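Reading the structure
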Amino acid sequence: VQAEIIAVGSELLTPSRVDTNSLYLTEQLNNLGVELITKGVIGDDRDRLAGAVRHALNRAEILILTGGLGPTEDDVTRDAVAVALDRKQAFHAEVKEAIAERFRRFGRKMADINLRQAFIIEGADILWNDHGTAPGQWIEDAGRYLMLLPGPPHEMKGLWERHCFPRLSRVVPRQVIRTLVFRVAGMGESDLDQLIAPVYKKYTNPVTTVLAAPGDVQVHLRAQCAQDQEAIALLDEVGRQIDLLLGDRIYSRNGDSMEVTMGNLLRQAGATIAVAESCTGGLLSERLTSVPGSSEYFLGGFVTYASALKADVLGVPVEVLATYGAVSKETAEAMAAGVRMRTGATFGLSVTGVAGPGTGGEQVPVGTIYIGLSDSIGTRSVHRQFAGDRTRIRQFATQYALDLLRLQLSS
Ligand code: AMP
Ligand code: MG
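Here's a quick rundown of the structure. (Residues numbered from 1 in each chain as written. Chains lettered and ligands numbered in written order. Predicted model: local features only at pLDDT ≥ 70, side-chain atom pairs only at ≥ 80, totals over all residues. Heavy atoms only, no water.)

Focus: the site of ligand 1
- The environment of ligand 1 is made up of 15 residues, and the closest members are Arg 17, Asp 19, Thr 20, Gly 68 and Gly 151.
- Residue Asp 19 places a side-chain N or O atom 2.8 Å away from a nitrogen atom belonging to ligand 1.
- The separation between an oxygen atom of ligand 1 and a polar main-chain atom of Gly 68 is 2.7 Å.
- Surface burial for ligand 1 is 76%, taken as the share of its 480 Å² of free accessible area covered by protein chains.
- For the shell around ligand 1, the per-class residue count stands at five nonpolar, six polar and four charged. (Near = heavy atom within 4 Å. Polar contact = N/O pair within 3.5 Å; in protein donor to acceptor, adjacent residues only side chain to side chain. Areas by Shrake-Rupley, 256 points an atom, 1.4 Å probe, with all protein chains shown as cover. Nonpolar A, V, L, I, M, F, W, Y, C, P; charged D, E, K, R; others polar.)

Thoughts on the nonpolar core
- Formed by 33 residues in total, the largest nonpolar core has its most connected members in Leu 266 and Ile 273.
- Every element with two or more residues in this core is listed here: α8 (258-269), β13 (273-277), α9 (283-289), β15 (347-353), β16 (368-374) and α13 (390-410).
- Among the elements that take part in this core, α13 stands out by supplying nine residues, more than any other.
- Leave out the neighbours within four places in its chain, and Leu 266 touches Ala 271, Ile 273, Tyr 297, Phe 347, Leu 405 and Leu 409.
- Formed by 32 residues, the second largest nonpolar core is a distinct cluster that contains Ala 56, Leu 63, Leu 65 and Ala 84. (Core = buried A, V, L, I, M, F, W, Y, C linked by side-chain atoms within 4.5 Å. Buried < 20%, exposed > 50% of the residue type's maximum accessible area, 1.4 Å probe, protein only. Helix = DSSP H or I, 4+ residues; strand = E, 2+ residues; numbered from the N terminus. Contact = heavy atoms within 4.5 Å.)

So, the pattern of salt bridges
- The tally for this structure, following the rule as stated, stands at 18 salt bridges.
- Ionic pairing is found between Glu 4 and Arg 59, a salt bridge with its closest N-O pair at 2.8 Å. With Glu 4 in strand β1 (residues 2-8) and Arg 59 in the loop between α2 (46-57) and β3 (62-66), this residue pair connects regions lying 55 residues apart in the sequence.
- A relative accessible area of 4% means that Glu 4 is categorised as buried.
- Its relative accessible area of 34% is what places Arg 59 among the partly exposed residues.
- Put simply, Glu 101 and Arg 104 hold a salt bridge, and the shortest N to O gap is 3.2 Å. Of this pair, Glu 101 and Arg 104 both sit in helix α4 (residues 93-105), three residues apart, which is roughly one turn of that helix. (Salt bridge = Lys/Arg side-chain N within 4 Å of Asp/Glu carboxyl O.)

Put into structure tokens, the structure is as follows:
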């Protein structure tokens, strides 16, 4: 079964408000095994909205509208749906009475404009609203289901939980949607897709999507089946093949972030970490400490931006800095070894590089990053060249640094 959501409200077309209602509703629909095929935002314009409703009803069996049920001129959802379905609206005295009662309870007098909210589309069921004045409406039309819900999120949720979810679960054939998420670092989106597409393209169920962020490619598998067991088996079948191809490049199989995965590995190993950062300016420490309980393994970090501080605080030899430069393999390794020595951590992890847009006098191109990793066995480093702006390069750098340690811990 397929659904569409239309969020109504001119404010949602400005940069200051976002449509969050549809995210909640999407999750709820998925819980019912209903797939969202389209969603949109339409301003407070009756004719444009009526057009969108007609269009939606040509392709979806379920249409949910939120917003535009208020008492003012710009609340056009009732009128637009009536026009689209070619139905009349009728005044319902009991709705008016309920609204008036609500006003009385709050010690206020109902304004005349609130009478507009007592108009219900012909054939619609009234969805009584405990959290506001606007009632919702439930309409069946040629085998399709339309829901008109208020815009304020708590009112929308109240009506959904109390009326829409129970009604839909009776009419929608039982379906479950299950997802499996792999997260991969150390590989670009297109390389990854080239590798795994031959596997997932064979299946229309589960549906596979590849999403990319700097240094973090996510593979989402969504299986839709009548039975839970069936969905799990499908995800298992496809997931196993993808797992084989990506191997240890997968850092998470349950959606956990890199810092959470890394933290778990450190905790399991009974190990600690200290970091030395230059161009990432504390981002590595920020990510590590964003995880609750990170004090169990994270000892601390140093942001050593100036060369003098790399020498003074971490003990990077002045000759190393003079000979190879602050952005070099040698400096990254000396930083990692130094921070480990000075803190007594199991692992010392370092990042030095050029995040851009200028090179700050370094003899290397923008996006050059060296990551150093030191433990009781020795110290090594990797060199990476990233593209993009300052934010992206810093994100990439921390992701690869954490991934380097993750690989070491899981090998
Ligand atoms: P309305 O029912 O159109 O009068 O909407 C009332 C208020 O609900 C708006 O001012 C918004 O703050 C909020 N709202 C409306 N639509 C949404 C939406 N799709 N997502 C989140 N908030 C919304
Ligand atoms: Mg509105």
